[in-house]
Amino acid sequence: MSGMKMNRPESPANGSKVCAVCRAKASQICGGCGEIAYCAKEHQKQHWPIHKTQCKPYKIVFDEKFGRCMVASKNIKPGEIIFREKAIMTGPKQGCLPCCLTCYTSLENVEEASLFRCPGCNFPFCQEKCAKNSVHSEAECSVLSKTKSRITINDMTKSHPVYQCISPLRGLLLKTTQPKLFEPFKGLEDHNNLRRKTEFWGVYQVNVVEFLHKVCELSDQFTEEEIHSACGALDVNAYEIRPPNSGQQRVLGVFPLASMMSHNCVSNMNHVIDGNYQMTVRASVPIMRGEQVFSSYALALEGTRERRALLRQSKLFECDCARCSDPTECSTYLSALRCQKCSTGFVLPIRPLEEKETPWRCSQCSYKLTAVVVNRVVDKLKEEFEAIGPNEVEKFEEFLKRHATLVHPNHFLFTSARQSLSQLYGRDERFLLNSLTMEQLERKISICQQLLSVANIVEPGLTRIRGVTLYEMHAPMLLMARRTFEAGQCTSAEFKEKIEAVRSILAEATRILSLEDPASTEGAMGTAAVQALDQIQRWISSM
Ligand SMILES: C[S@@+](CC[C@H](N)C(=O)[O-])C[C@H]1O[C@@H](n2cnc3c(N)ncnc32)[C@H](O)[C@@H]1O
């Protein structure tokens, strides 16, 4: 990586390390950070009270291209915790539906009589206890009370622009309520200079800056620039959280250390955020000393044009990672079309980083298409895909069948359709597992396999999608094995072999899903996976 500055550990000119306690020649290195060396175990033990606050498997360094970024200071194994961090603030996401400002429960289906309106500001909450929470009552309520005579949020089924102000306001109010937390918030990249030239700047100017200045009377406390910085810091850095009861809504959380991770379209970490808004970041694949810890700010199962557009718009940079630069997206062909001329080749962008201008060419017959034509085809397909309801199994299947001659089997819209189908077969009330035919069970397995073949490349290692898909795959495999055996269509030895295969899939799913928050859907799946694995293991040993 060019231009990266790293603070190297103290070592003599010949490169060998010295003991941090006695400066004798060191023979061992701290396993936690890979940085500090010791001559013997005793000195390591003696040094621990001092070293433990600095013992981290990463460093924050500066790079000309990425800005501040996180680099592994030792080799990190898959599953190893890189860091844990609690959110310094949380708040509603732009464009959200009205929600409780404390627990973020969606108020969409709550009757007016069941709402609690805060006596100070009249904002709706799910219950009185939430309105009394200190984040609201001790800071923002008095600011929002200025809106009381002007705003009443009545329609819970439509987003209200006032919610756009809440998260920036919470960030800004840290200045007086929690100055220690305001420092890292203020230090986040806001990209004001780039954002100033975008259409969003004007929207924030009206909906947030002018609202906080004119309606909330905060012009003495925060300048226009400071308010825009808060909006930018959130757009560029905040993580999306799925709190329980919030329905489909996402909440924003600010994690200053996690914000230091650069983006790569194939990340090497995974993160879990628990109910207390604590984030745990682990390596999903081996990370070697000196390598960056990369998060993915975009959805890994999207195509290059879609990921790069999101990163350009919300994170203000042009991603040129290995995946974006490769026309085949690391051989996944997630954006490839089928050639309509020779029908055996796939049409790929010649210069994938120039999505608006690049010609696309068939890998077999050199048939060419312009970017405009390709983008139009994909946009039309996307429109059709987005019109499919979440449980419409038949429509997803129809979509896959109808367009099989148009796009690569792994096309990102097909992969998304498969992701939905992998969950619907076996879970949707019309397709419960035990009611599935052998053909449908086979279909579920093949959908999961195809999904895994893509996930293994773009979300490799200990990642949520792999854990969930492996778990989804084990159940039809197990059921098929049992049905076949009970029908006398396989021998005991063959049956045992099939069960062994299920066991190994389930063991991997368990390893991945056990890293999830037990209160989350994936965490619950992890618990179920542990039980299923235990049962299968007992079953195998009794065979
Ligand atoms: C969440 S911040 C990461 C920390 C940031 N580098 C800093 O110094 O504060 C996101 C910003 O980092 C930079 N960045 C992250 N990943 C990048 C990448 N793959 N290529 C170029 N810039 C990147 C961009 O400026 C982006 O808006």
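Residues numbered from 1 in each chain as written. Predicted model: local features only at pLDDT ≥ 70, side-chain atom pairs only at ≥ 80, totals over all residues. Heavy atoms only, no water.

### Quick word on the domain arrangement of the protein
Phase 1 of the analysis: You can read the domains of the protein as domain 1 (89-254), domain 2 (306-411) and domain 3 (425-542).
Phase 2 of the analysis: Placing the centre of domain 2 and that of domain 3 at their C-alpha centroids yields a distance of 30 Å.
Phase 3 of the analysis: Taken together, the contact between domain 2 and domain 3 spans 11 residues of the former and 10 residues of the latter.
Phase 4 of the analysis: When the buried surface of domain 2 facing domain 3 is broken down by residue, Val-393, Glu-397 and Asn-410 rank first, second and third, together holding 43% of it.
Phase 5 of the analysis: Taking the shortest distance from any N to any O, the salt bridge between Glu-394 and Arg-430 comes out at 2.9 Å.
Phase 6 of the analysis: The biggest single contributor to the side of domain 2 that touches domain 3 is helix H12 (residues 393-402), with 4 residues. (Domains from an automatic or database assignment. Contact = heavy atoms within 4.5 Å. Buried area = accessible area lost by both parts, 1.4 Å probe. Salt bridge = Lys/Arg side-chain N within 4 Å of Asp/Glu carboxyl O. Helix = DSSP H or I, 4+ residues; strand = E, 2+ residues; numbered from the N terminus.)

### Thoughts on the packing of aromatic side chains
Phase 1 of the analysis: Evaluated as defined, the whole model comprises 13 aromatic pairs.
Phase 2 of the analysis: Their ring planes at 90° and their centres at 6.1 Å tell us that Tyr-297 and Phe-317 sit as a pair that is edge-to-face. Of this pair, Tyr-297 sits in the loop between strand E14 (294-295) and helix H9 (304-315) while Phe-317 sits in the loop between H9 and helix H10 (322-325), placing them 20 residues apart in sequence.
Phase 3 of the analysis: Feature note: the residues Phe-385, Phe-396, Phe-399 and Phe-414 constitute an aromatic cluster, connected by ring pairs.
Phase 4 of the analysis: Lying across the ring of Tyr-297, Lys-315 places its NZ or CZ 5.6 Å from the centre. (Phe/Tyr/Trp six-rings, centres within 6.5 Å; stacked < 30°, edge-to-face > 60°. Lys NZ or Arg CZ within 6 Å of the ring centre and 35° of its normal.)

### Thoughts on the site of the ligand
Phase 1 of the analysis: Among the 15 residues in the neighbourhood of the ligand, the closest are listed as Phe-66, Arg-68, His-191, His-263 and Lys-315.
Phase 2 of the analysis: Contact between the ligand and His-191: an oxygen atom at 2.9 Å from a side-chain N or O atom of the residue.
Phase 3 of the analysis: Lys-315 places a polar main-chain atom, nitrogen or oxygen, 2.5 Å from an oxygen atom of the ligand.
Phase 4 of the analysis: Look at the ligand: alone it shows 560 Å² of surface, and the protein chains cover 92% of it.
Phase 5 of the analysis: Looking at the shell around the ligand, the elements with two or more residues in it are strand E4 (67-72), helix H8 (224-237) and strand E11 (262-263). (Near = heavy atom within 4 Å. Polar contact = N/O pair within 3.5 Å; in protein donor to acceptor, adjacent residues only side chain to side chain. Areas by Shrake-Rupley, 256 points an atom, 1.4 Å probe, with all protein chains shown as cover.)

### Comments concerning the packing of helix H4 (residues 163-177) against helix H7 (residues 199-215)
Phase 1 of the analysis: Two elements in contact, H4 and H7, have axes separated by 10 Å at closest approach and are oriented at 60°. Taken together, the axes of H4 and H7 are oblique relative to one another. When the axes of H4 and H7 are compared, the crossing they make is right-handed. Only Val-203, Tyr-204, Asn-207, Val-208, Phe-211 and Leu-212 of H7 make contact with H4, whose side of the interface consists of Gln-164, Cys-165, Pro-168, Leu-169 and Leu-172. (Axes fitted to C-alpha atoms, helices over the stretch in contact; angles between N-to-C directions. Parallel < 35°, antiparallel > 145°, perpendicular 65-115°, else oblique. Left-handed = near helix turned anticlockwise from the far one by under 90°.)

### Observations concerning the sheet that holds strand E12 (residues 269-273)
Phase 1 of the analysis: An order of E5-E13-E12 is seen for the 3 strands of this open sheet, with the pairing classed as antiparallel. Only two strands of the sheet have a single partner each, and these edge strands are strand E5 (81-86) and E12. In this sheet, neighbouring strand axes are inclined to one another by 15° on average, regardless of whether the strands run parallel or antiparallel.
Phase 2 of the analysis: Here E12 pairs with strand E13 (residues 278-283) via 5 bridges, running antiparallel. What sits directly across from His-271, in E13, is Val-281. (Pairing = 2+ DSSP bridges.)

### What to know about the UniProt feature "domain: HIT-type" (unreviewed entry) in the protein
Phase 1 of the analysis: Here, the residues flagged by UniProt with the feature "domain: HIT-type" (unreviewed entry) are residues 100-141.
Phase 2 of the analysis: Here residues 100-141 runs as 29% helix and 10% strand, with 13 Å between its end C-alpha atoms. (UniProt positions renumbered as here; feature names shortened; annotations may be inferred.)

### Quick look at the sheet that holds strand E9 (residues 239-241)
Phase 1 of the analysis: Reading across the sheet, the 3 strands line up as E6-E10-E9 and stay open at both edges, with antiparallel pairing between neighbours. The sheet is open, and its two edges are formed by strand E6 (89-92) and E9, each paired on a single side. Between one strand and the next, the sheet's axes are offset by a mean angle of 35°, whatever the strand orientation.
Phase 2 of the analysis: In the sheet, E6 pairs with strand E10 (residues 251-254) via 4 bridges, with the strands oriented antiparallel. Residue pairing in the sheet places Pro-92 in a bridge with Val-251 of E10.

### Here's the deal with the environment of Ile-82
Phase 1 of the analysis: Within the secondary structure layout, Ile-82 lies in strand E5.
Phase 2 of the analysis: Along the sequence, Ile-82 and Thr-280 sit 198 residues apart, while their C-alpha atoms lie 7.8 Å from each other.
Phase 3 of the analysis: When neighbours within four sequence positions are excluded, Ile-82 is seen to be in contact with Pro-57, Tyr-58, Met-70, Ile-76, Val-281, Arg-282, Ala-283, Ile-287 and Val-293.

### Examining the UniProt feature "domain: MYND-type" (unreviewed entry) in the protein
Phase 1 of the analysis: In the numbering used here, UniProt assigns the "domain: MYND-type" (unreviewed entry) feature to residues 19-55.
Phase 2 of the analysis: Taken as a whole, residues 19-55 contains 30% helix and 11% strand, while its terminal C-alpha atoms sit 15 Å from one another.

### With respect to helix H16 (residues 492-513)
Phase 1 of the analysis: A rise of 1.5 Å per residue sets the reference length of H16, with its 22 residues, at 32 Å; its end C-alpha atoms lie 31 Å apart and thus fit the reference within 8%.
Phase 2 of the analysis: Inspection of H16 places Phe-495, Ile-499, Val-502, Ile-505, Leu-506, Ala-509, Thr-510, Ile-512 and Leu-513 among the buried residues, and these make up the whole buried set. The buried residues of H16 occupy an angular sector of 155° when the element is viewed end-on, so they sit on one face. Opposite its buried face, H16 presents the exposed residues Ala-493 and Glu-497, each directed more than 90 degrees away.
Phase 3 of the analysis: In this structure, the buried residues of H16 make contact with helix H15 (464-486) and helix H17 (521-542). (Expected span 1.5 Å × (residues − 1). Buried < 20%, exposed > 50% of the residue type's maximum accessible area, 1.4 Å probe, protein only. Arc of directions from axis to C-beta.)

### Concerning unusual backbone geometry
Phase 1 of the analysis: A positive phi angle, near 60°, is found at Leu-316, a position not held by glycine.
Phase 2 of the analysis: Here Leu-316 shows up in the loop between H9 and H10.
Phase 3 of the analysis: Look at Ser-366: it is not a glycine, yet its phi comes out positive at around 65°.

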